[in-house]
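# Close look at the chain arrangement
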Amino acid sequence: MFKGFGRSKKKPVLEENELTTGIVQHPITKLWQTWISFTGHDIQCITAHNQREDANKIAKQIADAWSEGKYKTGEEVTAFIQSLPNDGVIDPLPQNIVMQLSQQALSARK
């Protein structure tokens, strides 16, 4: 799991301007999905990869870009996310996995 810092308009459970990102293997597709969260509760998968290493690189790239404050507007963030490589369909995660990721995101700030 990687942390980045920048701007968020949502009421944070994490620190203000903090983003948490990580990877998870989808239980059905077996693709490695990168995810982000601005609050610790809003887990959103944004890319899917065949290889775990590729997903890790993207998660680190996301955290680094956020930490460096490269993207200031919603449009810039959206364009950045859309520019990331992707190997497949980003399938929704089962609720129990989303809850586990949320707990990880929240515990990472301690």
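This text follows the structure it describes.
Residues numbered from 1 in each chain as written. Predicted model: local features only at pLDDT ≥ 70, side-chain atom pairs only at ≥ 80, totals over all residues. Heavy atoms only, no water.

### Some words on helix 3 (residues 95–108)
Helix length check: helix 3 (14 residues) gives 20 Å between terminal C-alpha atoms against 20 Å at 1.5 Å per residue, within 8%. On its buried face, helix 3 is in contact with strand 2 (18–25) and strand 3 (32–37). (Helix = DSSP H or I, 4+ residues; strand = E, 2+ residues; numbered from the N terminus. Expected span 1.5 Å × (residues − 1). Contact = heavy atoms within 4.5 Å.)

### Thoughts on the nonpolar core
Grouped together as the largest cluster of nonpolar side chains are 11 residues: Leu19, Ile36, Phe38, Ile46, Ile58, Ile62, Ala65, Trp66, Val77, Phe80 and Leu84. Counting only elements with at least two residues in this core, the list comes to helix 1 (52–67) and helix 2 (74–83). Ranked by residues supplied to this core, first place goes to helix 1 with four residues. For Phe80, the residues in contact, after removing those within four places along its chain, are Gln61, Ile62, Ala65 and Tyr71. With nine residues, the next largest nonpolar core counts Ile97, Val98, Leu101 and Ala105 among its residues. (Core = buried A, V, L, I, M, F, W, Y, C linked by side-chain atoms within 4.5 Å. Buried < 20%, exposed > 50% of the residue type's maximum accessible area, 1.4 Å probe, protein only.)

### Section: the pairing of strand 4 (residues 44–49)
For strand 4, the buried fraction is high: five of the six residues fall into the buried class. Pairing between strand 3 and strand 4: five bridges, direction antiparallel. When the sheet's bridge partners are listed, Trp35 is paired in strand 4 with Cys45. (Pairing = 2+ DSSP bridges.)

### A look at unusual backbone geometry
You will see that Lys30, though not glycine, has its phi angle at about 65 degrees, which is positive. Positionally, Lys30 belongs in the loop between strand 2 and strand 3. We classify Lys30 as partly exposed; its relative accessible area is 48%.

### Focus on the side chain of Ser37
Note on placement: Ser37 falls in strand 3. On the accessibility criterion, Ser37 (0% relative accessible area) is buried. At 3.4 Å, the side chain of Ser37 forms a polar contact with the backbone nitrogen of Thr39. Of note is the side chain of Ser37, whose polar atom sits 2.6 Å from the side chain of Asp42. (Polar contact = N/O pair within 3.5 Å; in protein donor to acceptor, adjacent residues only side chain to side chain.)

### A short note on the packing of aromatic side chains
Tallied over the full model, the rule gives two aromatic pairs. Judged by centre distance (4.6 Å) and plane angle (20 degrees), the ring pair of Tyr71 and Phe80 falls under stacked. A residue is classified by how much of its surface remains accessible, and Tyr71, at 24% relative accessible area, is partly exposed. (Phe/Tyr/Trp six-rings, centres within 6.5 Å; stacked < 30°, edge-to-face > 60°.)

### Comments concerning the pairing of strand 3
Look at any regular strand and the pattern is simple: side chains alternate between the two faces of the sheet. Buried residues dominate strand 3, accounting for six of its six residues. Burial along strand 3 is two-sided: the residues Trp32, Thr34 and Ile36 and Gln33, Trp35 and Ser37 are all buried. Pairing analysis gives six bridges linking strand 2 to strand 3, with the strands arranged antiparallel. Note that in strand 3 the partner of Gly22 across the bridge is Trp35. Between strand 2 and strand 3, which follow one another and run antiparallel, lie six residues, and Lys30 among them has a positive phi close to 65 degrees. The hairpin turn running from strand 3 into strand 4, its antiparallel successor, is six residues long, and Gly40 in that turn takes a positive phi close to 100 degrees.

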